[in-house]
Amino acid sequence: MVVKSSAIKPDNSVLRKGKLALANAKINLSIDVLGIRESDGYHLVRMIMQQIPLYDRLFFFLGEDGKLLPESTRIDDNISLACNMRKLPLNEKNLVYRAARQLFDLFKETFEYEKLTIYIEKHIPSGGGLGGGSADGAAVLRAINNIYTLGMSLDQLEEQAKKLGSDVPFMIRGGAGLAEGTGTDLSKLRPLKKGTLLLVNPNKFLSTERVYATLDAMEIPASAHPDTELLIHALEAQDLRLFAENMKNVLEEASIRLCPQIGELKADILAAGALGAMMSGSGSTVFGLFEDPELAQEAMKTFRSRGLFATATGLANPYL
């Protein structure tokens, strides 16, 4: 199937005819790697994740409404995709397609002759450790369940999400949570609501597989591992300073070896007044937690002037 997409930007009158779903990004507030599972080689993790008010918008055009997007890419007899980003592959590997196809196959009688076109309006940096693809996949599962009144529970949606990737089940319920095992064993946590979040992406793509391979070849000091119980306590107390000063990502050193700019951004964010700064996921996005929103806004402007993706936002929002 077609791999390259033809970027399109429908006007608002077209988009209003589609059914809208928001796909919120996440940050990893801490990541610990505990070892490797012998049975399959998957890394065992313990990490705190939280959804944030940065999102892609997905528009669902049912049946003949799909003709409103004539530049969409037809993936199979049922499903077509379109996107505002030319570099995003529109094919069978795209998580938006895979999520839709999964439910279409699960409810074959419902969808045998159904036509669906999904327009992906990307705002989350791709390959930046913010879970953009996972967020999109989860949003598709939730949206199709609601649009077609399939009646699936959150538990059932989570089971479908596990087939798409380790971050996707978390995106189904959202908020904040502790992910353990291979990342799919989830416990609800109180989200961090105090402070201002600054996100900066160096416009670099890092392969998760390459980061983990680099980590496996390194000697990791004990000081690189987060005190997860302390961080959970800080969340319960909503102690922004305690949390920011103790958050750690054990993947950082491996990612910095592959992309030194990550370390430079972290130092720059701290110099701009952040209480703490850390890489999200396996990179390459770095974030800072600020007590003073004005400092965060000033830092955002500085990073944007350098041609980098940067955004500052409050953590307390209606999605949490």
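Everything below is about the structure shown above.
What you see is a predicted model; the values in this text were computed from it and never measured.

Thresholds applied
- Residues numbered from 1 in each chain as written.
- Predicted model: local features only at pLDDT ≥ 70, side-chain atom pairs only at ≥ 80, totals over all residues.
- Heavy atoms only, no water.
- Phe/Tyr/Trp six-rings, centres within 6.5 Å; stacked < 30°, edge-to-face > 60°.
- Salt bridge = Lys/Arg side-chain N within 4 Å of Asp/Glu carboxyl O.
- Buried < 20%, exposed > 50% of the residue type's maximum accessible area, 1.4 Å probe, protein only.
- Helix = DSSP H or I, 4+ residues; strand = E, 2+ residues; numbered from the N terminus.
- Arc of directions from axis to C-beta.
- Contact = heavy atoms within 4.5 Å.
- Expected span 1.5 Å × (residues − 1).
- Axes fitted to C-alpha atoms, helices over the stretch in contact; angles between N-to-C directions.
- Parallel < 35°, antiparallel > 145°, perpendicular 65-115°, else oblique.
- Left-handed = near helix turned anticlockwise from the far one by under 90°.
- Nonpolar A, V, L, I, M, F, W, Y, C, P; charged D, E, K, R; others polar.
- Pairing = 2+ DSSP bridges.

## A word on the packing of aromatic side chains
This structure, assessed with the given rule, holds three aromatic pairs. Of the aromatic side chains, those joined through ring pairs into one cluster are Phe 104, Phe 111 and Tyr 148.

## Let's talk about the pattern of salt bridges
Pairing is possible between side chains of opposite charge, provided their charged atoms come close. Under the counting rule described, the total for this entry stands at 19 salt bridges. The shortest N-O distance in the salt bridge between Arg 74 and Asp 77 comes to 2.9 Å. The two residues Arg 74 and Asp 77 agree in class, both being exposed. One network of salt bridges, in which partners are shared, links Arg 46, Glu 180 and Glu 229.

## A short note on helix α8 (residues 228-237)
Looking at α8, one finds that the buried residues are Thr 228, Leu 231, Ile 232, Ala 234 and Leu 235. Seen end-on, α8 carries its buried residues on one side only, within an arc spanning 160 degrees. On its buried face, α8 sits against β1 (19-36), β2 (43-62), β6 (176-181), β7 (185-189) and α9 (240-246). Positioned one or two residues after α8, Gln 238 has a phi angle of 55 degrees, which is positive.

## Regarding helix α4 (residues 132-147)
Here α4 spans 22 Å end to end across 16 residues, near enough to the 22 Å set by a 1.5 Å rise per residue. Of all the 16 residues making up α4, twelve are buried; the element is thus mostly covered by neighbouring parts of the structure. Taken together, the buried positions of α4 are Gly 132, Ser 134, Ala 135, Asp 136, Gly 137, Ala 138, Ala 139, Val 140, Leu 141, Ala 143, Ile 144 and Asn 145. Immediately downstream of α4, the backbone of Thr 149 shows phi near 45 degrees, a positive value.

## Some details on the packing of helix α2 (residues 95-106) against α4
Running from N to C, α2 and α4 point in directions that differ by 30 degrees, and their axes come no closer than 8 Å. In terms of their interaxial angle, α2 and α4 are classed as roughly parallel. Where α2 crosses over α4, the two elements pack in a sense that is right-handed. Of the residues in α4, those in contact with Leu 95, Val 96, Ala 99, Ala 100, Leu 103 and Phe 104 of α2 are Gly 133, Ser 134, Asp 136, Gly 137, Val 140, Leu 141, Ile 144 and Asn 145. Here the residues of the contact of α2 with α4 sort into nine nonpolar, four polar and one charged.

## Some words on the packing of α4 against helix α5 (residues 154-162)
Running from N to C, α4 and α5 cross one another at 140 degrees; their axes reach a closest spacing of 10 Å. One element, α4, and the other, α5, form an angle in the oblique class. Handedness of the crossing formed by α4 with α5: right-handed. On α5, the residues that touch Leu 141, Arg 142 and Asn 145 of α4 are Leu 157, Gln 160 and Ala 161. Split by residue class, the contact of α4 with α5 holds three nonpolar, two polar and one charged.

## Structural notes on unusual backbone geometry
Looking along the chain, the bond that leaves Gly 283 and enters Ser 284 is cis, with omega of 15 degrees. Among the secondary structure elements, Ser 284 is positioned in the loop between β9 (276-279) and β10 (286-290). Its identity is not glycine, yet Thr 149 carries a phi of approximately 45 degrees, on the positive side.

## Here's the deal with the sheet that holds β9
Taken together, the four strands give an open sheet; going across it, the order is β9-β10-β8-β11, and neighbouring strands pair in antiparallel fashion. Two strands bound the open sheet, and with one partner strand each, they are β9 and β11 (309-314). Neighbour to neighbour, the strand axes of the sheet diverge by 20 degrees on average, direction disregarded. Bridge count between strand β8 (residues 196-201) and β11: six bridges; the pairing is antiparallel. Residue pairing for β11: Val 200 is matched across the bridge by Ala 310. Helix α11 (residues 261-271) rests against β8, β9 and β10 of the sheet, and its axis sits at about 15 degrees to β10.

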